[in-house]
Amino acid sequence: MNNNVTSVSPPKGKPKWLRVKLPTGKKYTELRGLVDKYNLHTICTSGSCPNMGECWSEGTATFMILGNICTRSCGFCGVKTGRPETIDWEEPEKVARSIKLMNIKHAVITSVDRDDILDGGSIIWAETIQAIRRMNPDTTLETLIPDFQGKTHNIDRIIAVKPEVVSHNMETVKRLTREVRIQAKYEQSLQVLNYLKQNGIERTKSGIMLGLGEKEEEVIQTLTDLRAVNLDIVTIGQYLQPSKKHLPVKEFITPDQFKKYEEIGLKMGFRHVESGALVRSSYKAQKHLT
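Since this is a predicted model, take the numbers as computed values, not measurements.

Participant: Explanation requested: the environment of Ile208 in the structure shown.
Facilitator: Mapped onto the elements of the fold, Ile208 is located in strand β8 (residues 204–210). Expressed as a C-alpha distance, the spacing of Ile208 and Met170, which sit 38 residues apart in the sequence, is 5.8 Å. Ignoring any residue separated from it by four or fewer positions in sequence, one finds Ile208 in contact with Met170, Glu171, Thr172, Val219, Thr222, Thr235, Ile236 and Gly237.

This is the structure in structure tokens:
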């Protein structure tokens, strides 16, 4: 992807297709007020997601559990790395209450990696889903899970509580995985997605970022690998550097190239392909229930 048809070198300013309008609308204003009043923690706000207004207006929001300090130090991620705080066993109820207050129709739950504890956080994961079900019986769920170091007994706890969608992100192509995801393994992530599908999860999902120096054929190979484990949904978006300490953006991928990947993915048989510069993991998440 090194010609001007597929990408452009990063200039000092972002290209026009990455400029975002500020979120507006009655529903957004209403939810923003609730988040501020009750100090609710959503990834939408803490991650300054460009799609926040669109998602909130459709009744979708993303919540992060197990604290805000990760045991891993991925080169792309803005979440703090270090020794996480102790587990908050009241967190499942807090998240469930937040979803109820915000009247969320479709909730996406994600977390930091917790390699510091034996269960990898899977017990809190399961209890959070159960609490949401009790308090919000009409709310559907997507869980964006870590790899749990590939330990299937921890993944089994997610499978047992049956989220409508289970997602685990590949993030990048095989060649760049060691640089981008440091403590993660490409094949292990594929194995996690395969295990989920083989053990009764109806809709599996993954996401990759572009602009880290990957080649077109590597992106297509990653999509091929994901279809080989019967993945249903894939998201493809532009990587943006969270700070100067993180990996630099090597290319801005053009809208035409994102469209090309969407068409390739749909021909491969994915149920849904969300491909665009501003696409993030939970973009149009509620649509992925169909």
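And the narrative resumes.
Participant: Is there a simple way to explain the packing of aromatic side chains in this structure?
Facilitator: Given two aromatic rings, their pairing is described by the distance between the two centres and the angle made by the two planes. Under the criterion given, the structure shown has zero aromatic pairs. Taking NZ or CZ as reference, Arg227 lies 5.5 Å from the ring centre of Phe270, over its face.

Participant: Please clarify how the environment of Thr110 should be interpreted in this entry.
Facilitator: Here Thr110 is to be found in strand β5 (residues 106–111). Look at Thr110 and you get buried, because its relative accessible area is 11%. Sequence separation between Thr110 and Thr143 is 33 residues; the distance between their C-alpha atoms is 6.0 Å. Separated by 3.1 Å, the side chain of Thr110 and the backbone oxygen of Leu144 make a polar contact.

Participant: Sorry if this is basic, but what is going on with the pattern of salt bridges here?
Facilitator: Under the definition given, this model contains 13 salt bridges. Where Arg175 meets Glu218, a salt bridge forms, and the shortest distance between an N and an O atom there is 2.5 Å. You can see Arg175 sitting in the loop between β7 (165–167) and α7 (177–181) and its partner Glu218 sitting in helix α9 (residues 216–228), a full 43 residues away along the chain. Look at Arg175 and you get partly exposed, because its relative accessible area is 45%. Residue Glu216 is joined to Lys260 by a salt bridge in which the shortest nitrogen-to-oxygen separation is 3.1 Å. Taken as a pair, Glu216 in helix α9 and Lys260 in helix α10 (residues 255–268) lie far apart in primary sequence, 44 residues in all.

What counts as what
Residues numbered from 1 in each chain as written. Predicted model: local features only at pLDDT ≥ 70, side-chain atom pairs only at ≥ 80, totals over all residues. Heavy atoms only, no water. Helix = DSSP H or I, 4+ residues; strand = E, 2+ residues; numbered from the N terminus. Contact = heavy atoms within 4.5 Å. Phe/Tyr/Trp six-rings, centres within 6.5 Å; stacked < 30°, edge-to-face > 60°. Lys NZ or Arg CZ within 6 Å of the ring centre and 35° of its normal. Buried < 20%, exposed > 50% of the residue type's maximum accessible area, 1.4 Å probe, protein only. Polar contact = N/O pair within 3.5 Å; in protein donor to acceptor, adjacent residues only side chain to side chain. Salt bridge = Lys/Arg side-chain N within 4 Å of Asp/Glu carboxyl O.

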